[in-house]
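# Residue-level structure breakdown
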Amino acid sequence: MLSCLRSYFFIFTLFIGSIQMADANKNTLINAETHTLENGLKIIVIPNGLAPVVTIGLIYHVGTADDPIDQVGLSHFLEHMMFKGTKEVRGQEFNKLIIRNGGHNNAYTEYDHTFYHTTIAAKHLELILKCEADRMRNLTFTEEEVTSEINVVLEERLMRMDNNPFG
């Protein structure tokens, strides 16, 4: 157990040191490029040649603070529904496509944003970007999927908030 704690301390120390170096050298460690498309979509590219993988992160500036007072949890529910499919990529095919190509994905909803992320081999970048664009525009789901996800979100709420004194 002690050796495990030392490893975490060492990693934590390196992380803090990196942040200080990045601040002191003004973006030399994280060579970020930022772009804004004509439609207002902001893109940040952070190159990292350590492995032939790419991580796509999409931040929607909508979270629980934006939920109507009588529908708290709506943004979290929509987060779940974003994995249910589109006209082009039906049902669970989005997740299966990512797994089949060696990737993984997930999402979470916070107070002021919802974040979706996928990590996959860099050679599949165009495929994932097409899938993300498709799910931004063409969500489709059945009444059965809606009912199922409402129950999942309610169960998550029960476990994380209703059954937690700090929730």
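For the structure itself, consult the block above.
For the structure given in this document, a descriptive report is provided here. As the structure is a computational prediction, the values presented were derived from the model and not from experiment.

### Considerations on the overall build of the chain
For the chain, the count of helices and strands is 5 helices and 5 strands. With 167 residues in all, the chain has 26% of them scored as buried. Pairs at least 24 residues apart make up 62% of the contacts formed inside the chain by residues separated by at least 6 positions. Accessible surface, the chain: about 12,400 Å² in total, of which carbon and sulfur atoms supply 60%.

### What to know about the side chain of asparagine 95
On the secondary structure map, asparagine 95 appears in helix 3 (residues 93–100). In this structure the side chain of asparagine 95 is engaged in a polar contact, spanning 3.2 Å, whose partner is the side chain of glutamine 92.

### What about helix 2 (residues 74–81)?
The element helix 2 is largely enclosed, with a buried count of 6 among its 8 residues. All buried positions along helix 2 are accounted for by Ser75, His76, Phe77, Glu79, His80 and Met81.

### Quick look at the packing of helix 3 against helix 4 (residues 125–137)
At a minimum axis distance of 12 Å, the contact between helix 3 and helix 4 shows a crossing angle of 170°. Between helix 3 and helix 4, the angle is such that the two are roughly antiparallel. Here helix 3 contributes Phe94, Leu97 and Ile98 to the contact with helix 4, which in turn contributes Leu127, Ile128, Cys131, Glu132 and Arg135. Partitioned by chemical class, the residues of the contact of helix 3 with helix 4 number 6 nonpolar, no polar and 2 charged.

### Some details on a nonpolar patch on the surface
The grouping of Leu37, Leu41, Ile43, Val45 and Met136 at the surface amounts to a nonpolar patch, some 370 Å² of accessible area in total. Take isoleucine 43: it is sitting in strand 2 (residues 42–45). Relative accessible area serves as the criterion here: at 30%, isoleucine 43 is assigned to the partly exposed category.

### Overview of the environment of asparagine 138
Residue position: asparagine 138 is located in the loop between helix 4 and helix 5 (143–162). Here the alpha-carbon distance between asparagine 138 and lysine 87, two residues 51 residues apart in the chain, equals 6.0 Å. If we skip the residues at most four places from it in the chain, asparagine 138 touches Gly85, Thr86 and Lys87.

The rules behind the values
Per chain, residue numbering runs from 1 following the sequence as it is written. Per-residue local features of the predicted model are confined to residues with pLDDT of at least 70, and side-chain atom pairs are confined, for both listing and counting, to 80 or more; whole-chain, interface and lining totals are unaffected and use all residues. Derived side-chain values reflect all non-hydrogen atoms in the structure, with water molecules and hydrogen atoms excluded from consideration. Helix and strand definitions follow DSSP, with helices as H or I runs of at least four residues and strands as E runs of at least two, each counted in order from the N terminus. Relative accessibility under 20% of the residue-type maximum defines a buried residue, over 50% an exposed one, and the middle range a partly exposed one, all with a 1.4 Å probe and only protein chains included. Any two residues whose heavy atoms approach within 4.5 Å are treated as being in contact. Exposure was quantified through the Shrake-Rupley algorithm and a 1.4 Å probe, taking into account, for residues, occlusion by the shown protein chains and nothing else. We call two N or O atoms a polar contact when they sit within 3.5 Å, provided that within protein one can donate a hydrogen and the other can accept it, with sequence-adjacent residues counted only if both atoms are side-chain atoms. Angles shown run from 0 to 180 degrees and are taken between the N-to-C directions of axes, each axis being a line fitted to C-alpha atoms and, for helices, limited to the stretch in contact. Geometric relationships in this document are graded by angle, where less than 35 degrees denotes roughly parallel, more than 145 denotes roughly antiparallel, 65 to 115 denotes roughly perpendicular, and other angles denote oblique. In this classification, the charged set is Asp, Glu, Lys and Arg, the nonpolar set is Ala, Val, Leu, Ile, Met, Phe, Trp, Tyr, Cys and Pro, and all remaining amino acids, among them Gly, are polar. Patch membership requires more than 30% relative accessible area and the absence of a salt bridge. Residues of like charge join within 9 Å; the nonpolar side chains Val, Leu, Ile, Met, Phe, Trp and Tyr join within 5 Å. Here, a salt bridge means any Lys or Arg side-chain nitrogen found within 4 Å of an Asp or Glu carboxyl oxygen.

Keep in mind these numbers describe shape, not what the thing actually does.
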